[in-house]
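Here are the chains, one letter per residue:
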Protein chains: 2
Amino acid sequence: MDNMIDPWGSSIIDYDKLTGQFGIKDFKDVVDDIPDASKLMTRGIIFGHRDYEKITDALNNSKEFATMTGMMPSGRMHIGHKMVVDQLKWYQKKKSDIYLSIADMEAYAARGIDKQQSWNLAINEYIVNYIALGLDVTKDNFHLYLQSENDSVKDLAYTIGRKVTFSQMRSIYGFDNSTNIAHIYTPLLQVADILHPQLEENGGPKPVIVPVGPDQDPHIRLTRDLAAKFNEEYGFIEPSATFHRFMTGLTGEKMSSSKPKSAIYLTDSIKDAVKKVKSAKTGGRDSLKEQKELGGQPDKCSIYELLVYHLVDDDEKLSKLRDDCLTGKVVCGNCKQCASELLEVMFNDLNDKRAEAEEIAQTLLEK
Amino acid sequence: MDNMIDPWGSSIIDYDKLTGQFGIKDFKDVVDDIPDASKLMTRGIIFGHRDYEKITDALNNSKEFATMTGMMPSGRMHIGHKMVVDQLKWYQKKKSDIYLSIADMEAYAARGIDKQQSWNLAINEYIVNYIALGLDVTKDNFHLYLQSENDSVKDLAYTIGRKVTFSQMRSIYGFDNSTNIAHIYTPLLQVADILHPQLEENGGPKPVIVPVGPDQDPHIRLTRDLAAKFNEEYGFIEPSATFHRFMTGLTGEKMSSSKPKSAIYLTDSIKDAVKKVKSAKTGGRDSLKEQKELGGQPDKCSIYELLVYHLVDDDEKLSKLRDDCLTGKVVCGNCKQCASELLEVMFNDLNDKRAEAEEIAQTLLEK
């Protein structure tokens, strides 16, 4: 844990429970083996993993591996979603193949969103921002696809479906009698998304890392189970996963695309974004006097989270900010001002890059 | 019912019950509207239908329609399977498009038979015999495909899956908790098989006739239900169906590929086939004396069935045979001899045609 800072204090506890109960391992224990670990790793934002040793082995010994993630396009992309992009960028720099699935079939089954809508949203909202945020989608090692157009994924989904029962699926996903059959089938598509980089046509079996939120762990467990069951036929290696914290919304609840006040959208105007920051729920006390005496509570502060996740790159600066908050030296107004300024820098940069990103995005998937 | 003979006597009663209870209509009521109705139709072997009026309308007014059926390759083709071929041939002569699905995905989910095995069996066992029996597979209006390679079918299956719940599927197919998910999904592929001739790429909405056994009626009902639910998006017309009797096996039970003594396989040697005929269960009495007095029981006789379904084309000859049996004029030995001779003619013809049929079959699906 030499290169790890812990910006969380006690708020990490919930995630500790999660890891204890479901067999997710502590990411702290592998982080020292990672060459040039990212801030998301060293700051404990990525807090847990399954089987990450396969990935550190690949990273340290220049072995081939792949990174896989998916998106179900719905609503606008917010700053919490940036975490995934940051991870993809990091793995791309480490020469990993990147597989990115647009889960249009899932969007159809679960929400009735048609393929064309999914495509529009994925390309024009998400991918444009991914590119503007620095993901190099023009590299050969970057594979973007619509689930509905990936025959390997669709065929693999059906094949692996033979070794999972309704009972298993129901206990994982909570299906009931009124669940539609396309919906029941959908998790198999996600499992196939994760496994298909290991098909012969994609270079055969290899370690695969899936960076996700902890809510996705049931998928990961099902995928690992099915990888093992089809090891004989396909040589599948059980994929690895990391689990990252969710961002707290600016209102104190979960940050969500469907709650505009909770989230800073990447396409918000700078004015709107700053306004949201200024009215955000912080870890401040009831009065300035009290705060000066008791200090603030960074672990309950959505602005502090914003700084840790996205805005402050310098660990020392972050530590100092935390200390100054805890001792009451800086108050919420200061932090909001600081976050607003840093956000403005980021948004200006994004806006500059978005025009070119739009052009590139249009070339990615014919439609 | 002018052109209909009833070779069944009272044994038709079971099928009558079936039609009464589940809303299958009597085929007798439409048979007079069919131009050049086939023997399977006039003899009541095809005993029931749903919505056949759409097909008589197409037949009489030279409207476009399609015929759809599928095969799940398993075991060897027996003479009972010939009924489907006879129906396809008839519809082909009536200028119907013919769609024939090889249900390799179903074979995989339900029985663990892989795609290559399904292909081998479908082509080398079934299709070779279909061709030898006279189906013209070289016509433009003949469409043969493997389910696993038909993207339209696979994509349509998922799409329609959104409007059927697990509860519905379970009540139709009797799934339980231990049923695998691929299996649960499979009926959607069959529904899509039946509906896909109506997709724009296949010429758009049109009447479709599905000739099946009565055990397949749940599929038909589900398909008609989903056709109606997706009428708005696709313009689907609810497909029509006919239902034909099953052949009684030579042992008195159901004729089945997995019971060699019950079935005459199309690739049996003439010697073996005749041997099976000679030892078949008939409607004969305990003694020759008794039979001369009481007459035989053609409606309980597997040899008589063979003559009605496949071997005697002339209705008068058949009527006479029935009468002569009922009055004790002919006895089982006579009929067995007659059936053996007719079978030998059919098998010689099939054997002659099979060599060329094998060559044609190999050109149908690349593999």
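For the structure itself, look to the data block above.
Residues numbered from 1 in each chain as written. Chains lettered and ligands numbered in written order. Predicted model: local features only at pLDDT ≥ 70, side-chain atom pairs only at ≥ 80, totals over all residues. Heavy atoms only, no water.

Talk me through the pattern of salt bridges; I want residue IDs and the actual numbers.
Pairs can form between side chains of opposite charge once their charged atoms are near each other. Inspection of the entire model under this criterion finds 49 salt bridges over all chains. A salt bridge links Asp57(B) to Lys63(B); the shortest N-O distance between them is 2.7 Å. A relative accessible area of 29% places Asp57(B) in the partly exposed class. What makes Lys63(B) partly exposed here is its relative accessible area of 44%. Through salt bridges with shared partners, one network takes in Asp51(A), Lys54(A), Arg224(A) and Glu238(A). (Salt bridge = Lys/Arg side-chain N within 4 Å of Asp/Glu carboxyl O. Buried < 20%, exposed > 50% of the residue type's maximum accessible area, 1.4 Å probe, protein only.)

Just give me the short version of the sheet that holds strand 1 (residues 25-26) of chain A, but keep the residues and values in it.
Residues and elements named next belong to chain A. Spatially, 1-2-7-6-3-4-5 is the arrangement adopted by the 7 strands of the open sheet, whose pairing is mixed. Edge strands, defined here as strands with exactly one partner in the open sheet, are strand 1 and strand 5 (142-146). For strand 4 (residues 97-102) and strand 5, the ladder comprises 5 bridges, and the chain directions are parallel. For Tyr 99, the partnering residue across the bridge sits in strand 5 and is His 143. (Pairing = 2+ DSSP bridges. Helix = DSSP H or I, 4+ residues; strand = E, 2+ residues; numbered from the N terminus.)

Kindly report on the sheet that holds strand 5 (residues 142-146) of chain B, identifying the contributing residues and their values.
Residues and elements named next belong to chain B. Read across the sheet, 7 strands follow the order 1-2-7-6-3-4-5 without closing on themselves; strand pairing throughout is mixed. Both edges of this open sheet fall to strand 1 (25-26) and strand 5, since each of them pairs with a single strand only. Sheet topology note: the strand 6 (residues 208-212)/strand 7 (residues 240-244) ladder contains 4 bridges and is parallel. The residue bridging Val 210 from the neighbouring strand is Ala 241, located in strand 7.

Run through the packing of helix 8 (residues 151-160) of chain B against helix 10 (residues 181-195) of chain B, naming residues and quoting values.
Residue and element names in this part refer to chain B. Following both chains from N to C, one finds helix 8 and helix 10 inclined at 115°, their axes separated by 8 Å at the closest point. Taken as a pair, helix 8 and helix 10 cross one another with a handedness that is right-handed. Where helix 8 approaches helix 10, its residues Val 153, Lys 154, Leu 156, Ala 157, Tyr 158 and Ile 160 are matched on the opposing element by Tyr 185, Leu 188, Leu 189, Val 191, Ala 192, Asp 193 and Leu 195. Looking at the contact of helix 8 with helix 10 residue by residue, the class counts come to 11 nonpolar, no polar and 2 charged. (Axes fitted to C-alpha atoms, helices over the stretch in contact; angles between N-to-C directions. Left-handed = near helix turned anticlockwise from the far one by under 90°. Contact = heavy atoms within 4.5 Å. Nonpolar A, V, L, I, M, F, W, Y, C, P; charged D, E, K, R; others polar.)

Run through the side chain of Arg354(A), naming residues and quoting values.
All names here are of chain A. With respect to the helices and strands, Arg 354 occurs in helix 17 (residues 332-362). Here Arg 354 sits buried without a salt bridge, and the closest side chain of opposite charge, Glu 358, lies 5.5 Å off (N-O distance). A polar atom in the side chain of Arg 354 sits 2.7 Å from the side chain of Asn 351. (Lys, Arg positive; Asp, Glu negative; His and termini not counted. Polar contact = N/O pair within 3.5 Å; in protein donor to acceptor, adjacent residues only side chain to side chain.)

Explain the layout of surface pockets to me, using residue names and the numbers behind them.
Approximately 1,400 Å³ is the volume found for the largest pocket. Lining the largest pocket are 44 residues, and of these Gly70(A), Met71(A), Met72(A), Asp215(A) and Gln216(A) lie nearest its centre. Put simply, the parts of the chain that give the lining of the largest pocket at least two residues each are strand 3 (66-71), helix 5 (82-93), helix 6 (104-111), helix 7 (115-132), helix 10 (181-195), strand 6 (208-212) and helix 11 (217-229) of chain A. For the lining of the largest pocket, the leading source of residues is helix 10 of chain A, giving 6 residues. Grouping the amino acids of the lining of the largest pocket by side-chain chemistry returns 20 nonpolar, 19 polar and 5 charged. Roughly 1,200 Å³ of volume is contained in the second largest pocket. Lining the second largest pocket are 40 residues, with Gly70(B), Met72(B), His81(B), Asp215(B) and Gln216(B) sitting closest to its centre. Ranked by residues supplied to the lining of the second largest pocket, first place goes to strand 3 (residues 66-71) of chain B with 4 residues. Residue composition of the lining of the second largest pocket, grouped by class: 18 nonpolar, 16 polar and 6 charged. (1 Å grid on protein atoms, 1.4 Å probe; cavity = no way out; pocket = protein on both sides within 12 Å on 5 of 7 lines; lining within 4 Å. Points joined across faces, edges and corners; volume = space filled by probe spheres on them.)

Which residues make up the relation of the copies chain A and chain B, and what values do they have?
When chain A is fitted onto chain B, the two copies agree to an RMSD of 0.0 Å after a turn of 180° and an axial shift of 0.0 Å. What the rotation and shift describe, once combined, is the action of a two-fold rotation axis. Every residue of chain A has its C-alpha some distance from the rotation axis, and the shortest such distance is that of Tyr185(A), at 3.6 Å. When you check the interface residues of chain A against chain B, 100% turn up at the interface there too, and the contact is symmetric in its surfaces. (Least-squares fit on C-alpha atoms with pLDDT ≥ 70 in both.)

Any chance you could break down a negative patch on the surface for me, citing the residues and the numbers?
Taken together, the side chains of Asp29(A), Asp32(A), Asp33(A) and Glu53(A) define an acidic patch exposed on the protein surface. Here Asp33(A) is to be found in the loop between helix 2 (28-31) and helix 3 (39-42). (Patch = residues over 30% accessible without salt bridge, like charges linked within 9 Å, V, L, I, M, F, W, Y side chains within 5 Å. Areas by Shrake-Rupley, 256 points an atom, 1.4 Å probe, with all protein chains shown as cover. Charge placed at Lys NZ, Arg CZ, Asp CG, Glu CD.)

Break down unusual backbone geometry for me, citing the residues and quoting the values.
Residues and elements named next belong to chain B. The phi dihedral of Asp 51 falls on the positive side, at around 60°, and the residue is not glycine. The topology assignment puts Asp 51 in the loop between strand 2 (46-50) and helix 4 (53-60). A positive phi angle is found at Lys 95, which is not glycine, with a value near 70°. Inspection of the secondary structure puts Lys 95 in the loop between helix 5 (82-93) and strand 4 (97-102). The class for Lys 95 is exposed, based on a relative accessible area of 71%.

Can you explain the packing of helix 9 (residues 166-173) of chain A against helix 11 of chain A? Please cite residues and give values.
Residues and elements named next belong to chain A. Running from amino to carboxyl end, helix 9 crosses helix 11 at an angle of 155°, the nearest separation of the two axes being 10 Å. Between helix 9 and helix 11, the crossing angle belongs to the class labelled roughly antiparallel. The hand of the helix 9/helix 11 crossing is right-handed. Across the interface between the two elements, Gln 168, Met 169, Ile 172 and Tyr 173 of helix 9 pack against Pro 218, His 219, Leu 222, Asp 225 and Lys 229 of helix 11. The class makeup of the residues in the contact of helix 9 with helix 11 is 5 nonpolar, 2 polar and 2 charged. (Parallel < 35°, antiparallel > 145°, perpendicular 65-115°, else oblique.)

Account for helix 11 of chain A, naming residues and giving values.
Across its 13 residues, helix 11 of chain A extends 18 Å between first and last C-alpha, which sits within 8% of the 18 Å expected from 1.5 Å per residue. Of the residues making up helix 11 of chain A, those classed as buried are Asp217(A), His219(A), Ile220(A), Leu222(A), Thr223(A), Arg224(A), Leu226(A) and Ala227(A). (Expected span 1.5 Å × (residues − 1).)

Which residues make up the interface of chain A and chain B, and what values go with them?
At the junction of the two partners, chain A supplies 33 residues and chain B supplies 34 residues. Interface area, chain A with chain B, both sides summed: about 2,600 Å², of which 60% is carbon and sulfur. Per-residue buried area on chain A facing chain B is highest for Tyr158(A), Arg162(A) and Ile181(A); these three make up 31% of the total on that side. Between chain A and chain B we count 2 salt bridges in total. (Buried area = accessible area lost by both parts, 1.4 Å probe.)

Could you give an account of the packing of aromatic side chains, with specific residues and numbers?
Tallied over the full model, the rule gives 18 aromatic pairs over all chains. Plain terms: the ring middles of Phe65(A) and Tyr91(A) are 6.1 Å apart, the flat faces sit at 75° to each other, and that makes the pair edge-to-face. One end of the pair, Phe65(A), is in the loop between helix 4 (53-60) and strand 3; the other, Tyr91(A), is in helix 5, and 26 residues separate them in sequence. For the pair formed by Phe65(A) and Tyr91(A), the shared burial category is buried. Among the aromatic side chains, those forming a connected cluster through ring pairs are Tyr108(A), Tyr158(A), Tyr185(A), Tyr108(B), Tyr158(B) and Tyr185(B). Across from the ring centre of Tyr108(B), 5.7 Å away, lies the NZ or CZ of Arg162(A), which sits over that ring. (Phe/Tyr/Trp six-rings, centres within 6.5 Å; stacked < 30°, edge-to-face > 60°. Lys NZ or Arg CZ within 6 Å of the ring centre and 35° of its normal.)

I'd like a description of the pairing of strand 2 (residues 46-50) of chain A, backed by residues and values.
On a regular strand, one side chain projects to one face of the sheet and the next to the other, so that they alternate. All names here are of chain A. Within strand 2, 5 of the 5 residues are buried, leaving the element largely enclosed by the surrounding structure. As judged from the 2 bridges shared by strand 1 and strand 2, these two strands associate in the antiparallel manner. From the neighbouring strand, Lys 25 faces strand 2, where its bridge partner is His 49. As defined by bridge partners, strand 2 adjoins strand 7 (residues 240-244) across 4 bridges and the pair is classed as antiparallel. Directly across from Ile 46, in strand 7, lies its bridge partner His 244.

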